[in-house]
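Observations on the three-dimensional arrangement
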Amino acid sequence: MHIRRAAVAALMLGVSAVAVQAEMMAPTTPPDAPKFDAQGEPIFVNRSDIADYMALPSYSEPAWVTAFVDAGKLPPVAERLPKEPLVYKAANMPDGPGVYGDVMRHVIGGRPEGWNFWAGQSYGWGGIDIGLVECLTRTGPLFTVNSSDLQPMPNLARSWEWSADGKTLTVKLIEGAKWSDGNPFDTEDIAFYWNDVIMDPEVTPLMGASEATYGNAKLAIVDPYTFTMSFDTPFPESVLYAMAYGNFCPGPSHVLKPKHPKYGGESYEAFQKAFPSDMMNFPTMGAWAVVEHRPDDIVVLRRNPYYWKVDETGQQLPYLDEMQYRLSTWADRDVQAIAGTGDFSNLEQAENYVESLKKAADPASPARLAFGPRTIGYSLLPNLSANGWGEPDARGQAVRELNRNADFRKAITYALDRQRLGDSLVKGPFTTQYPGGLYAGTSFYDAASTVFYPFSVDSAKEAFAAAGLTDSDGNGFVNVANGDDLNVTLLTQSDYATDKNLAEGVVAMMADAGLKVTLNALTGKDFDNARDAGKFDWIIYRNQTDLITVVQNTDKLAPVGPQTAINHRANPAGELDLLPFEEEMVKTVNAFIGSRDSAERIELMKTYQKLYTENLFAIGLTAYPGALIVNKRFSNIPAGAPIYMYNWAEDNIIRERVWVAADKQIGAELHPNTLPGAPGGPGPITAN
Ligand code: GLA
C-alpha cells in the first residue's frame with residue numbers, strides 16, 4: 001500500500017532525476033518585533049492568595065433565591081454548599097466583594113450543537129462552555145501567579161499529592177459539592193469520565209483528551225472524594241495542566257450514564273445526541289446553567305443555586321444572575337462590545353483594531369479596551385502524514401509526499417512576505433513576522449534558537465526546483481508529471497475574517513512563486529471535523545496555548561501520541577510515519593514532560609524551537625496582541641488579563657467573581673428572579 005502510494009506520487013510529480021542545486025538566501029534570526037506595550041500589568045500573587053477552601057460562619061444568597069427556599073423548592077444555602085466551599089479572598093479582588101444582580105451579554109459566532117461535551121459536542125465557544133463546565137484544576141488565572149508558585153490552581157480537585165517515587169498522584173476532590181440539580185459531585189463522576197469517555201475508544205470528548213493526554217495513567221477510585229493516578233515515569237507534572245479546562249472536566253454521570261451503551265444506552269450515536277441543544281437545565285458544575293435556547297438568536301443561562309464557590313463574606317457566587325449569549329458572528333462581538341450593546345469581546349481579528357481603538361479612546365465609550373501580550377498567532381500547517389491519515393486521493397498523496405520534503409517546505413516559507421501579510425490585516429505596530437514555533441516575548445522563547453527564512457521569491461523558486469517541481473508548460477505554475485498544474489488545497493476556517501484574509505494572502509503569494517493553491521473555506525464544526533480527520537493538504541491555524549505557555553497542552557507541541565499534533569496524526573492502523581526531525585521533536589518534548597529541572601527544561605525548549613523552525617514543522621505567518629474589551633460597568637476585572645494565554649479571557653477574568661454596582665445595573669435580565677428547573681424540564685422556574 002505504502003509503496004504503491006509513493007510510486008503514484010512520484011509519477012504524478014515527474015520528479016526529475018537531476019537534483020537542482022542552486023543558491024537560496026541564508027536563514028537568519030527573526031527580525032525584532034515592533035514595540036507594543038501591553039496595557040496594564042497583572043498584580044502577581046501566589047495561588048493561595050486568590051482562593052482557598054474553608055468553612056465560613058454563615059452564608060448568604062440573593063433575597064429572591066431565599067424565596068425558593070421559603071417555598072420549599074430549594075434546601076437552605078448552607079446545605080447546598082460543600083462543607084468547605086472554595087472561598088475567593090477579598091484582598092485579591094480588584095474591587096472587593098460585590099453585590100448581586102445584572103447580566104453579562106456575550107456575543108458569539110459559534111452555535112451549540114448539544115450538551116454532550118464528553119462525546120464531542122461543541123457549545124458554540126466564546127466562553128459558553130467555560131461558564132458551564134468546571135474542571136479539576138484551573139489555569140486561566142495563572143497569568144497573575146508568581147513564577148515561583150506556577151502550578152495549576154485547585155478547582156474541583158482541592159489538593160493533590162505525589163508519592164515519594166513520583167509515580168502515584170493522589171487527588172482529593174472538594175467534598176459535598178453538588179451539580180446544579182442538587183445531585184452529589186463525587187468520584188462516580190470521575191469514574192464515568194475516565195472509564196466511559198477517556199478509556200472508551202468509541203467516545204471522543206470535544207477537546208480530544210485521551211489516555212495519552214494523561215501520560216497513559218491508570219486511574220483508581222479510593223473513596224467518594226479520592227482517586228489515584230499511577231504512571232510509569234516519575235512526576236509527570238504536566239498531568240496537572242491536563243486536568244484544567246478542555247480536558248478533565250467531568251460530566252454529570254447521573255444523566256450521562258443511562259444513555260451510554262455500556263449501561264443500556266441504545267448506541268454510541270444515540271449517546272452523543274441524547275442531550276440536544278433544546279434540552280434545558282442540563283446539570284452543570286459551573287456558575288450558571290442553560291434555561292433558554294432560541295436557535296440563531298440567543299442562549300440564556302441563569303445562576304446555579306448549588307454553585308460551590310463563595311466570597312469571604314459568605315455570599316454564594318456568582319454575583320451575576322444571568323449570562324446571555326447572542327448567536328451572531330465573531331466580528332459582531334467586537335462591534336457590539338465597543339457600541340455597548342454587548343459586554344465582552346476578545347478583540348482578536350486584527351482587521352477591527354483601528355476602528356475599535358478609535359471608538360474606545362472616546363472618554364464617553366461604554367467599553368474599556370486593553371491590549372495584552374502578542375499571543376494571537378497563525379501558522380500554515382502542512383499535513384505531514386503520508387501513510388493514510390485522512391485517506392488522501394492520488395493528488396492529495398502527492399502533496400503529502402511534497403510536504404515531507406524539506407525543500408518544498410522551504411519554498412513555502414521563502415514565498416511568504418510576512419510583513420505584507422501582517423499589514424494586510426492591520427497597519428501599525430501590531431503584527432510581527434512570525435517564523436513559527438514559540439512566540440517572541442513568551443518565557444521559553446529564545447531568538448538565537450529561532451530560524452527565520454527571509455522573504456525571497458527567487459529562493460522560493462529555487463527551492464521548488466530543488467524539490468523536483470518545475471513549470472513545464474510555462475503558464476507560471478509548477479506542474480505534475482501529466483502536465484497538470486500542481487494544485488494544493490488550503491483548508492481555512494471561514495467564521496473569522498482574519499483566517500480567510502491570511503489564507504487569501506497565502507494563495508496570492510504562492511501564485512507569485514509559481515504554486516497554485518485553492519482555498520477550502522469551511523465554517524465551525526465542518527472545519528474542525530475536516531481538520532481532525534486529516535482531510536487537508538495545508539491548513540491555516542490559529543495557534544493554541546501550547547506554543548505560548550509550553551507547560552499547558554505540552555503533548556500538543558509534537559506528535560508524541562497518535563492524535564496529539566494537529567498536522568501529523570496516525571493512520572487508521574494507529575501508525576505514525578514520523579520524519580527524523582519529528583522523532584527528535586518528540587524526544588525533546590517527552591524529555592521536557594519528564595523533567596523537573598528548570599535549567600534543563602529551558603535548554604530542551606531551545607532545542608525544540610530550533611528543530612521546529614529550522615525544519616519547518618509548521619510555517620509561521622503572523623503574530624499580534626489581542627485586546628480585552630469589557631463594558632465599564634463591571635467590577636473585579638483583573639488588570640493585565642490577556643485575552644489568551646493559559647486559557648481564554650472568559651476563564652482568565654474569573655467571571656463568577658465579576659459584579660456590577662447596583663446603580664450601574666442595566667435591567668437587561670431576560671428571566672429575572674428565576675432559577676434553572678429540573679434537567680430536561682421547561683427551563684427557568686419561579687419561586688411560586
Ligand atoms: C472562540 C473565540 C475566542 C474565545 C474562545 C473561547 O474561539 O474566537 O476569542 O472566545 O472562543 O472558547
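Just so it is clear, the model here is predicted, and its values are computed rather than measured.

Cut-offs used in this document
Residues numbered from 1 in each chain as written. Predicted model: local features only at pLDDT ≥ 70, side-chain atom pairs only at ≥ 80, totals over all residues. Heavy atoms only, no water. Helix = DSSP H or I, 4+ residues; strand = E, 2+ residues; numbered from the N terminus. Rg over C-alpha atoms; globule rule 2.2 N^0.38 Å. Buried < 20%, exposed > 50% of the residue type's maximum accessible area, 1.4 Å probe, protein only. Contact = heavy atoms within 4.5 Å. Areas by Shrake-Rupley, 256 points an atom, 1.4 Å probe, with all protein chains shown as cover. Polar contact = N/O pair within 3.5 Å; in protein donor to acceptor, adjacent residues only side chain to side chain. Core = buried A, V, L, I, M, F, W, Y, C linked by side-chain atoms within 4.5 Å. Pairing = 2+ DSSP bridges. Axes fitted to C-alpha atoms, helices over the stretch in contact; angles between N-to-C directions. Disulfide = S-S within 2.5 Å. Near = heavy atom within 4 Å. Nonpolar A, V, L, I, M, F, W, Y, C, P; charged D, E, K, R; others polar. Parallel < 35°, antiparallel > 145°, perpendicular 65-115°, else oblique. Left-handed = near helix turned anticlockwise from the far one by under 90°. Phe/Tyr/Trp six-rings, centres within 6.5 Å; stacked < 30°, edge-to-face > 60°. Lys NZ or Arg CZ within 6 Å of the ring centre and 35° of its normal. pLDDT = per-residue confidence, 0-100. Salt bridge = Lys/Arg side-chain N within 4 Å of Asp/Glu carboxyl O.

1. Concerning the overall build of the protein chain
- Across its full length, the protein chain holds 21 helices and 26 strands.
- Taken over the C-alpha trace, the protein chain has a radius of gyration of 26 Å; the compact-globule value for 688 residues is 26 Å, and the two agree within 12%.
- Dimensions of the protein chain along its principal axes, counting C-alpha atoms only, are 85 × 55 × 50 Å.
- Split into buried and exposed, the 688 residues of the protein chain put 59% on the buried side.
- By sequence separation, contacts in the protein chain at least 24 residues apart represent 75% of the contacts at least 6 residues apart.
- If you sum the accessible surface of the protein chain, you get close to 25000 Å²; carbon and sulfur atoms cover 52% of it.

2. Brief notes about helix α13 (residues 406–415)
- Counting buried positions over the 10 residues of α13 gives 7, a clear majority of the element.
- Along α13, the residues classified as buried are Phe 408, Arg 409, Ala 411, Ile 412, Thr 413, Tyr 414 and Ala 415.
- Two or three places before Asp 407, at the opening of α13, Asn 405 has a side-chain oxygen 2.8 Å from that residue's backbone nitrogen.

3. Notes on the nonpolar core
- One finds Met 229, Phe 248, Phe 408, Leu 486, Leu 515 and Trp 538 to be the most contacted residues of the largest nonpolar core, which totals 190 residues.
- If we ignore the near neighbours within four places in the chain, the residues touching Phe 408 are Leu 402, Asn 403, Phe 464, Ala 467, Leu 469, Leu 486, Leu 515 and Trp 538.
- Val 69, Leu 74, Leu 675 and Ala 687 belong to the second-largest nonpolar core, a separate cluster that totals 8 residues.

4. Notes on the sheet that holds strand β10 (residues 288–294)
- The 4 strands are arranged β3-β13-β11-β10 in an open sheet whose pairing can be described as mixed. Two strands in the sheet have a free side with no partner beyond their single neighbour: β3 (103–108) and β10. Across this sheet, the average inter-strand angle for adjacent strands is 20 degrees, counted without regard to direction.
- Pairing of β3 with strand β13 (residues 322–327), which is carried by 6 bridges, proceeds in the parallel orientation. Bridged to Val 103 within β13 is Glu 322.

5. Structural notes on the state of the cysteines
- Taken as a whole and judged by the stated rule, the model has 1 disulfide.
- Bridging Cys 135 to Cys 249, the disulfide has an S-S length of 2.2 Å. With the S-S bond torsion at 85 degrees, the cross-link from Cys 135 to Cys 249 turns out right-handed. Linking Cys 135 in the loop between α5 (128–132) and β4 (137–138) with Cys 249 in the loop between α7 (238–242) and α8 (253–256), this pair joins segments that are 114 residues apart in sequence.

6. Here's the deal with the site of the ligand
- Near the ligand you find Trp 125, Gly 126, Gly 127, Trp 330, Arg 333, Asn 346, Glu 348, Tyr 496, Arg 542, Trp 648 and Glu 650, and these make up its full shell.
- Note that an oxygen atom of the ligand is positioned 2.8 Å from one of the side-chain N or O atoms of Arg 542.
- Within the side chain of Glu 650, a nitrogen or oxygen atom sits 2.6 Å from an oxygen atom of the ligand.
- Burial of the ligand by the protein chains amounts to 96% of its free accessible area of 300 Å².
- A per-class count over the shell around the ligand returns 4 nonpolar, 3 polar and 4 charged.

7. Details of the packing of α13 against helix α15 (residues 457–466)
- Relative to each other, α13 and α15 sit at 165 degrees, their axes nearing to 8 Å. Between α13 and α15, the angle falls in the class roughly antiparallel. In terms of crossing hand, the pair formed by α13 and α15 is left-handed. For the pair formed by α13 and α15, the contact residues are Asp 407, Phe 408, Lys 410, Ala 411, Tyr 414 and Ala 415 on the first element and Val 457, Ser 459, Ala 460, Ala 463, Phe 464 and Ala 466 on the second.

8. Focus on the pairing of strand β16 (residues 376–382)
- Among the 7 residues that make up β16, 7 are buried, leaving the element largely enclosed by the rest of the structure.
- Across the two faces of β16 the burial is the same, with Ile 376, Tyr 378, Leu 380 and Pro 382 and Gly 377, Ser 379 and Leu 381 all buried.
- Inspection of the sheet shows β16 paired to strand β21 (residues 619–624) by 5 bridges, in the antiparallel sense. Residue Ser 379 lies in a different strand from β21, and its bridge partner there is Gly 620.

9. Description of the packing of aromatic side chains
- Applying the stated rule across the entire model yields 33 aromatic pairs.
- When the centroid spacing of 5.6 Å and the interplanar angle of 5 degrees are considered together, the rings of Trp 330 and Tyr 496 count as stacked. Linking Trp 330 in helix α10 (residues 330–339) with Tyr 496 in the loop between β18 (487–493) and α16 (497–513), this pair joins segments that are 166 residues apart in sequence.
- Given the relative accessible area of 4%, Trp 330 is considered buried.
- Ring pairs connect the aromatic residues Trp 115, Phe 117, Trp 118, Tyr 123, Phe 275 and Phe 282, which therefore count as one cluster.
- Cation over ring: Lys 257 sits above Tyr 263, and NZ or CZ is 4.8 Å from the ring centre.
- Above the plane of the ring of Phe 592 lies Arg 601, whose end atom (NZ or CZ) is 4.0 Å from the centre.

10. Brief notes about the sheet that holds strand β17 (residues 432–433)
- In space, the 6 strands of this open sheet follow the order β17-β21-β16-β20-β18-β19, with mixed pairing throughout. Of all the strands in the sheet, just β17 and β19 (516–522) have a single pairing partner and so form its edges.
- Note: β16 against strand β20 (residues 538–542), 5 bridges, orientation antiparallel. Bridge pairing in β20 links Leu 381 to Ile 539.
- Against the sheet, helix α12 (residues 394–403) makes contact with β16, β18 and β20, and its axis sits at roughly 85 degrees relative to β18, the strand it touches most.
- Against the sheet, α16 touches β16, β18, β19, β20 and β21, its axis set at about 165 degrees to β18.

11. Focus on the confidence of the model for the protein chain
- Per-residue confidence for the protein chain gives a mean pLDDT of 95; residues scoring 70 or more make up 97%.
- No element of the protein chain has a lower mean pLDDT than helix α1 (residues 2–13), which averages 47, and none a higher one than strand β12 (residues 309–311), which averages 99.
- Ignoring residues within four places in sequence, the model shows residues 1–11, a span with pLDDT below 50, making 12 contacts including any to other chains.
- Low pLDDT (under 50) marks residues 14–20, which in the prediction has 7 contacts with non-local residues, meaning those over four places away or in another chain.

12. Side note on the side chain of Gln 121
- Looking at the secondary structure, you find Gln 121 in the loop between β3 and α5.
- Residue classification places Gln 121 among the buried positions, given a relative accessible area of 6%.

13. Considerations on the pattern of salt bridges
- Under the criterion given, the structure shown has 38 salt bridges.
- Between Asp 149 and Arg 47 there is a salt bridge; the shortest N-O distance is 3.1 Å. A residue pair is termed long-range when its members are at least 10 positions apart, and Asp 149 in the loop between β4 and β5 (153–154) and Arg 47 in helix α2 (residues 47–50) qualify at 102 residues.
- Owing to a relative accessible area of 19%, Asp 149 belongs among the buried residues under this scheme.
- Ionic pairing is found between Asp 485 and Lys 516, a salt bridge with its closest N-O pair at 3.1 Å. A residue pair is termed long-range when its members are at least 10 positions apart, and Asp 485 in the loop between α15 and β18 and Lys 516 in strand β19 qualify at 31 residues.
- Among the residues examined, Lys 516 registers a relative accessible area of 28% and is labelled partly exposed.
- Several salt bridges share partner residues, and in doing so they unite Glu 134, Arg 138, Lys 309, Asp 651 and Glu 656 into one network.

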